[in-house]
Amino acid sequence: MADEAKFIVDEKEIEKELFRIQNENKKANILICGQTGTGKSSAINYVFDDNIADVSAGKPCTRDTKLYSSEQINIFDSKGYEVGSESQQHYSKILFDDFLSKRTGNNDDSVHLVWYAISGAGKRITDLDKELVEKIQKSGFRVCVILTKIDELDEEQFQAMTKTLKSNFNNIKYFTLSTKDKEIPELKAYTQWDELIAWSCEQIPDIRKTRFIGALKDGAKEKYKQGKIAIRIAVTGAVATAASPIPWSDAPILTTVQAGMVASIALLYGIKIESSAITGFLSTAAVSNLGKSLAGNLIKLIPGAGSVIGAVINGGVAGSITFGIGAALNELLYKNALQKAEGKSPVFDLITILNGADFLNQALAMSKKYKEESQEKEKDKNNK
């Protein structure tokens, strides 16, 4: 038992970090507008989790706009206009004077992204569509055009519509969509859901990106990609924290940096972060055992370090442990996200995952691999 390291968890500091992560990651506000009959609610439910446009019923926020809200995102659904109707003449005033003019900028009430919907079933783009999209863009909003219901177009009609989109919206992105692409496999070659999500992720302000991605029903690639970014940031922080080596016996295995990384990754996959639950988990024997396992394996890679008790955490070891925890969690949640997209019901309970053997084994393997690769890079650098 002499070599057994004792790891201390600073619960108050971890709670503060989790609170910071929750509050610094803001919700994005998305407006979907345009013609009526475009299947806006279907598009919303196709992209975002929990059938948001069904379960939240929608709260009126103006005479002609409903708000669908979840913990991750706010979606404003404009009533739209009917082509050739009297409402077409008044739609611009309703959209701008009653709504968009009051939601400029980049605060919590602003509109951060606009999806302008045109129905492929209508087989036409009106002058008002072109006028409105250009006005939205010139007003400073990030906007794209979504051409929905392309399953109602034949090949010739589809090509004609996309050609018209390209000529009318020269400097504005457009995406061709159908919510039936899972039922009709041939549509996959024509639908651009992944491209719409990727573009939207690029446009969303950074402080709102994590929750936006967490709200996505699928989007496994974006979740995984942003998870890797969160890991890289945390590893840099952990390395900096251990720039001056500290004794193993005095070091908490999951520092505030690492706890923040876990919370950030969890948010990306739409997992609700309960401060009390995570703090409770970090205080359990599971965390201590994880720390001892990681420490015992990593110390063997440090020449002359001896036992865990006599060793110190330097930047390389801190980075290795942080990388192992983050990469293992990101990999497991990514696999679960892929299974969910296939209609399966994988586990998305954070405590269950962190207590699982798969997580521990992957964390150990990835920590060791990261340490070995870091040492090889250092050798190559010194040999130059």
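Use the structure listed above.
Definitions and limits used
- Residues numbered from 1 in each chain as written.
- Predicted model: local features only at pLDDT ≥ 70, side-chain atom pairs only at ≥ 80, totals over all residues.
- Heavy atoms only, no water.
- Pairing = 2+ DSSP bridges.
- Helix = DSSP H or I, 4+ residues; strand = E, 2+ residues; numbered from the N terminus.
- Expected span 1.5 Å × (residues − 1).
- Buried < 20%, exposed > 50% of the residue type's maximum accessible area, 1.4 Å probe, protein only.
- Arc of directions from axis to C-beta.
- Lys, Arg positive; Asp, Glu negative; His and termini not counted.
- Salt bridge = Lys/Arg side-chain N within 4 Å of Asp/Glu carboxyl O.
- Polar contact = N/O pair within 3.5 Å; in protein donor to acceptor, adjacent residues only side chain to side chain.
- Phe/Tyr/Trp six-rings, centres within 6.5 Å; stacked < 30°, edge-to-face > 60°.

Student: Would you mind showing me how to read the pairing of strand β3 (residues 65-69) here?
Tutor: Two faces make up the sheet, and in a regular strand the side chains alternate between them. Bridge analysis of β3 against strand β4 (residues 73-78) gives five bridges, and the strand direction is antiparallel. If you follow Y68 over to β4, its bridge partner there is I75. Counting the residues in the hairpin turn of β3 and β4 gives three residues.

Student: Explain helix α5 (residues 127-138) to me, please; I cannot follow it from the model alone.
Tutor: For an α-helix, the turn length of 3.6 residues means that residues three or four places apart are oriented alike. With twelve residues, α5 should cover 16 Å at 1.5 Å per step; its first-to-last C-alpha distance of 17 Å lies within 8% of that length. The set of residues buried in α5 consists of L128, D129, L132, V133 and I136. In a view along the axis of α5, the buried residues occupy a sector of 125 degrees, so they form one face of it. Exposed positions of α5 whose direction lies more than 90 degrees from the buried face are D127 and K138. After α5 finishes, the residue G140 shows a positive phi value of roughly 95 degrees.

Student: Help me out: how do you make sense of the environment of M161 in this one?
Tutor: As for its placement among the helices and strands, M161 is situated in helix α6 (residues 155-168). The class of M161 is buried, set by a relative accessible area of 5%. Sequence spacing of M161 and I125 is 36 residues, and the spatial spacing of their C-alpha atoms is 8.2 Å.

Student: Looking at this structure, I do not really get the side chain of K223. What am I missing?
Tutor: Structurally, the position occupied by K223 is in helix α9 (residues 220-241). Buried charge without a partner: K223 forms no salt bridge, and the closest opposite charge is D49, 6.2 Å away. Here L268 takes part through its backbone oxygen, which lies 3.2 Å from a polar atom of the side chain of K223.

Student: Help me understand the packing of aromatic side chains in this model?
Tutor: Counting across every chain of the model gives nine aromatic pairs. On the basis of an interplanar angle of 20 degrees and a centroid distance of 4.1 Å, the ring pair of Y46 and W193 is categorised as stacked. Within this pair, whereas Y46 is found in helix α2 (residues 40-47), its partner W193 is found in helix α7 (residues 193-203), the two being separated by 147 residues in sequence. For Y46, a relative accessible area of 14% corresponds to the buried category. For W193, a relative accessible area of 7% corresponds to the buried category. Their ring planes at 75 degrees and their centres at 5.9 Å tell us that F48 and F212 sit as a pair that is edge-to-face. Taken as a pair, F48 in the loop between α2 and α3 (52-55) and F212 in helix α8 (residues 206-215) lie far apart in primary sequence, 164 residues in all. On the basis of relative accessibility, which here comes to 0%, the residue F212 falls in the buried class. Members of the aromatic cluster, joined through ring pairs, are F48, W115 and F212.

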